[in-house]
Amino acid sequence: MPIHTMHLTDRIFFAQPVGYMDNVDARMIASALKKYARTSTAPIVGIMDTQQVDRMCSTVPKMIAETLANGDILEVVIVIGQSFASQNARVVDKLSKLDRVKIVGTVEEANTRATHNFGGAFGTSTAQYRMHYRAYAFASV
């Protein structure tokens, strides 16, 4: 199914797939997220709003895990609606077990989580963000 929107704003990548999210959709989102992370001057956070997704391919968690291997992505926050969570429990369970993946219920929660990753300090140097990322990565171990 189509991806309604994908963009990067203030180091927050946002993607909104709709309908059935298959391998092709997941690869497109992963490719864009990696590209934005690679070209960004500081680590980024990804938000994927799946509230309009009714089904998700079982390989999506694997693709997200592979994407997170890129050190310039702090975290991926996935917005999942209640009906999706109950209908796709196995996929949601796989997603919830991934390191640096957080599942939330609203886009507002996702935005709050994403901006929290930057410590609320926009306009600081790239070196400070890299240090923040390293501290975050080691704290997760």
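Source: prediction; values computed, not measured.

Chemist: Which residues make up the overall build of the chain, and what values go with them?
Modeler: Within the chain, the secondary structure is distributed over 6 helices and 7 strands. Shown N-terminal to C-terminal, the secondary structure of the chain runs as helices and strands in the order β-β-β-α-β-β-α-β-α-α-β-α-α. In the chain, buried positions account for 46% of the 141 residues. Taking as baseline every contact in the chain between residues at least 6 positions apart, the subset at least 24 positions apart corresponds to 74%. Element-wise, carbon and sulfur atoms account for 54% of the exposed surface of the chain, whose accessible area totals about 7,400 Å².

Chemist: I'd like a rundown of the sheet that holds strand E1 (residues 3-9), residues and numbers included.
Modeler: Taken in spatial order, the 5 strands line up as E1-E2-E4-E6-E7 in an open sheet, and their pairing is mixed. Looking at strand neighbours, the two that pair on one side only are E1 and strand E7 (101-104), the edges of this open sheet. If you compare each strand with its neighbour and ignore which way they point, the axes differ by 15° on average. Here strand E2 (residues 12-17) runs beside strand E4 (residues 44-49); their pairing, made up of 4 bridges, is parallel. Paired with Phe-13 across the strands is Gly-46, a residue of E4. Helix H5 (residues 107-117) rests against E2, E4, strand E6 (73-79) and E7 of the sheet, and its axis sits at about 170° to E6.

Chemist: Lay out the environment of Pro-2 with the relevant residues and their values.
Modeler: Looking at the element boundaries, Pro-2 is found in the segment before E1. When the C-alpha atoms of Pro-2 and Pro-17 are compared, they prove to be 6.2 Å apart, with 15 residues separating the residues in sequence. When near neighbours in sequence (up to four residues on either side) are disregarded, Pro-2 contacts Pro-17 and Val-18.

Calculation criteria
Residues numbered from 1 in each chain as written. Predicted model: local features only at pLDDT ≥ 70, side-chain atom pairs only at ≥ 80, totals over all residues. Heavy atoms only, no water. Helix = DSSP H or I, 4+ residues; strand = E, 2+ residues; numbered from the N terminus. Buried < 20%, exposed > 50% of the residue type's maximum accessible area, 1.4 Å probe, protein only. Contact = heavy atoms within 4.5 Å. Areas by Shrake-Rupley, 256 points an atom, 1.4 Å probe, with all protein chains shown as cover. Pairing = 2+ DSSP bridges. Axes fitted to C-alpha atoms, helices over the stretch in contact; angles between N-to-C directions.

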